[in-house]
Structures are given as C-alpha cells and as structure tokens.
Amino acid sequence: MPEPLAGARELVDDLVGDRAAEWDRSGEIPDEVLRRLAARGLLCAGVPADFGGLGATSAANGEFTAYVGSRCSSLRSVMTSQGMAAWAIQRLGGPRQHAMYLPELAGGRLAAVAFSEAEAGSDLSAMTTTIEPDGDAVVVRGRKVWTTAAHYADVIVVVGRYGSGAAAVVVPISAPGVTVRRVPLPSGCRAAGHADVHLDEVRLPADAVLGGGQPLMLLVTTALAYGRISVAWGCVGILRACLDAARRHARDRRQFGEPLARHQLVGRHLANLLTAEQIATRVCEHASRGWDSGSPDMVIATVLAKQVSAAQAAQGAATAVQVLGSAAAHEGHVVERAYRDAKLMELIEGSTEICQLILADHAVSMAA
Ligand code: FAD
C-alpha cells in the first residue's frame, strides 16, 4: 500500500523554499501554496480515505506537521485549523455531512474554526454566539475573534449556543451576513490569516448544523483535541528548527579563539535544546499512539502533549536566540520568528494555565 504522505515533504520544500520570512513580513501566504497543499489533502491528512482523505495516522500526520512547523509556523497554523475543522465535522457530523464536507476539505477547500469571542477567551462557557432553528433553516448571530486562517478560508466551523446546549455550524464565507476582518499585525505566526468574524443574521440550511444539543464544553473538548495535538507537533517543529540553527551557529562561529560550541556555557544551551526537542517529541509520540489506538486516555494525553511541547518550544526558542546572539536579532531570522511564534503556542488551544487546570483535575481524579 502506498504511504499516504509520500512526497509530502518534498512538496513543502518546493512550495516554502526560503520564503517563510517574506510571508511573515507581508502577513500573507500565497493562495497558490495553500491551494496546492489543500488539493493534495495534506492540510488535513488524517481525513479517512473513505471520505477522500489520505487516511494518515496521527503519528505520521504529526511528524509531517512538525516538518511544516520547522519551515513555517504560519503555514502549520493554517494546517492545524484545516485539520481541526475536518476533525470536528468527522466527530460531530452524521454520514450525510461527512459526505458533504469532508471530501471538499480533503480536496482543496480551506477551513477555519471559531470558538473565541471578546468576552469568551479561556472561559468558553461565556460564549454568546447563537445558532437558532428557524423552519428548515438556522440563523447564526455572533462575533468571533482571532480565528486562525479565516482570512484564507472558504468555510468556517462556528461554535455557538443551540437550544439548551451547543452546536457547531459550517458557515460558508460567501453567505450573506458574514464579515471577516483581519487581526492587524499579530506578534507571531503573522501570515496565519487570523481574523475576527462577524455573523449577522446568517441564514443556513439546517443540515449545516453539527452535533446539535451537545453540552458546550464536551463539544469544545472534542474539537480542541485535534488542535492541541497539532499545535504540540508544530512545537516539535519549532524546536527542531531552533536546534538546527543553534548547533550550526555554535559550530561555525568562533569567539575567544574557539567555536562557540567549545564554550561550556554555550554547550549547555545546546544540550538543553536537544533535551527540549526530545521531551516534546516523546510526549507527542505518546499522544499520537493513544490517538491511533483509540485509547481512553487520548484526550488527557493531547493536553499533556500541548502543555509540555508549548513550554519547551517557548523556552527552547529563547535559548536559541541566546546562542545566536546578534545573528538572531534580525527580523525574519528563523530563530527570531520561532521566538515570537512559540510564545503564542502557550496562549492558544487552552493556555498554559487552562491546561494546568485540566491536568490538575485529572491528577486529583486518578486512581490511587
Ligand atoms: P484570557 O482568557 O483573558 O486569559 C488571559 C490570561 O489569564 C491567560 O494567561 C490565561 O491563562 C489566564 N487565565 C484565564 N482564566 C484563568 C483561570 N481560570 N485560572 C488561571 N489563569 C487563567 N480562537 C479560536 O476560536 N480559533 C482560533 O483559530 C484561534 N486562533 C488563535 C491564534 C492566536 C495566535 C491567538 C493569540 C489566539 C487564537 N484564538 C483562537 C483565541 C485563543 O484561543 C484565546 O486567545 C485563548 O483561549 C486565551 O483567551 P484570551 O486571549 O481571551 O485570554
């Protein structure tokens, strides 16, 4: 059987080349790059073959996500959004919706996922967006913020209140009442297409609703599981890029008559970076193994992977900047971008503190 991700890295090398810094500065990934990757199913490679996807395992998709993340965190962010949208549809939708949406996402259409609102960041239970049935249609009203990839997306999976519970709804960007406004000058992942999304009386067919009536936090946890494991693998990529840049620089640059790597305090930085990359990789591999085997511990393993990898990436990127010195003080340098991008990974898909609260609850409920 052919390996579903055969040739994927080469295509990424070809399309990204040395342009990640340029995209970071301009805040834009060329449409052609996103469309070519999307058309190959690579932005949501976990979509099963039955729905026109590549059917990659979480482990294989994770390693590919890390590869993309090592090249360009903005592109990796778009990939996370696409994968999360597909996952939400797969988990929350019925057979008709699978057939309607998944082949499109695996075949070139671009998607984003909108949970957050101005007053509902960490506390998504404060969400006020509503999805209201109206005859054979639904009407969506709300204001979403910071939706990654919304600038590029054809559809946005919007989470909102539905009766006494919650639902997700697949909203085409072209639907009357949808307005997408870019977040100006984000500090990192600048080309990831973050945007605020306004939904003013958006009328859609009722079969655009996914998972209607589920408890809000259950629905959010389901969708976020994919986002967390994808971000975690993206952080592995950031660490690999930082380790690579730092070790090359420490070998080539000489100070006090010796390569930097020979100075033990610099060597300690390299050892810490290698350790960080290995820790993040192992915790992601563990989560992906659980994902691929359908382990009941999968959800907590993804939280752990995201928490550990984001912390290691933020610290690791800072360490890499230290090793490179002024060489990393140029806007757009791989390590300088990593420093800005990695910090944001501690804020999203459940901030460090929110992940700690989840892990603390888990620790308390563990059998003795
Ligand atoms: P707040 O909730 O106001 O939190 C501020 C600080 O307080 C944080 O450190 C937080 O951990 C801490 N805090 C809050 N509550 C507690 C508590 N109970 N205990 C301890 N500490 C607490 N949203 C989407 O829906 N879709 C996306 O695609 C998306 N992409 C994003 C991309 C980027 C780059 C960014 C920056 C944000 C994105 N978001 C997205 C929004 C993101 O999910 C929220 O920013 C995040 O949930 C944190 O919410 P907040 O920014 O409102 O911070």
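Refer to the preceding data block for the structure.
I will try to describe carefully the structure that is included in this document. What you are looking at is a predicted structure, and each value in this text was computed from that prediction instead of being measured.

Scoring rules and cut-offs
Residues numbered from 1 in each chain as written. Predicted model: local features only at pLDDT ≥ 70, side-chain atom pairs only at ≥ 80, totals over all residues. Heavy atoms only, no water. Helix = DSSP H or I, 4+ residues; strand = E, 2+ residues; numbered from the N terminus. Rg over C-alpha atoms; globule rule 2.2 N^0.38 Å. Buried < 20%, exposed > 50% of the residue type's maximum accessible area, 1.4 Å probe, protein only. Areas by Shrake-Rupley, 256 points an atom, 1.4 Å probe, with all protein chains shown as cover. Pairing = 2+ DSSP bridges.

## Notes on the overall build of the chain
- Secondary structure assignment for the chain yields 11 helices and 10 strands.
- Expected size for 368 residues packed as a compact globule is a radius of gyration near 21 Å; at 21 Å, the chain falls within 12% of this value.
- Its C-alpha atoms give the chain principal-axis dimensions of about 80 × 55 × 45 Å.
- For the chain, the residues scored as buried account for 54% of the 368 residues in total.
- Accessible area of the chain: about 15,800 Å², with a carbon and sulfur share of 54%.

## As for unusual backbone geometry
- Of note in this structure, Glu201 is not a glycine but carries a positive phi near 55°.
- Residue placement: Glu201 occurs in strand β7 (residues 195–205).
- Phi angles above zero are rare outside glycine, and Glu349 is one such case at about 50°.

## Some remarks on the pairing of strand β4 (residues 155–162)
- The element β4 is extensively covered by neighbouring structure, given that 6 of its 8 residues are classed as buried.
- Summarising the sheet, strand β1 (residues 111–114) and β4 pair through 4 bridges and their orientation is parallel. By the bridge assignment, Ala111 is partnered in β4 with Val155.
- Where β4 and strand β5 (residues 165–172) come together, 8 bridges link them in antiparallel fashion. If you follow Tyr162 over to β5, its bridge partner there is Gly165.

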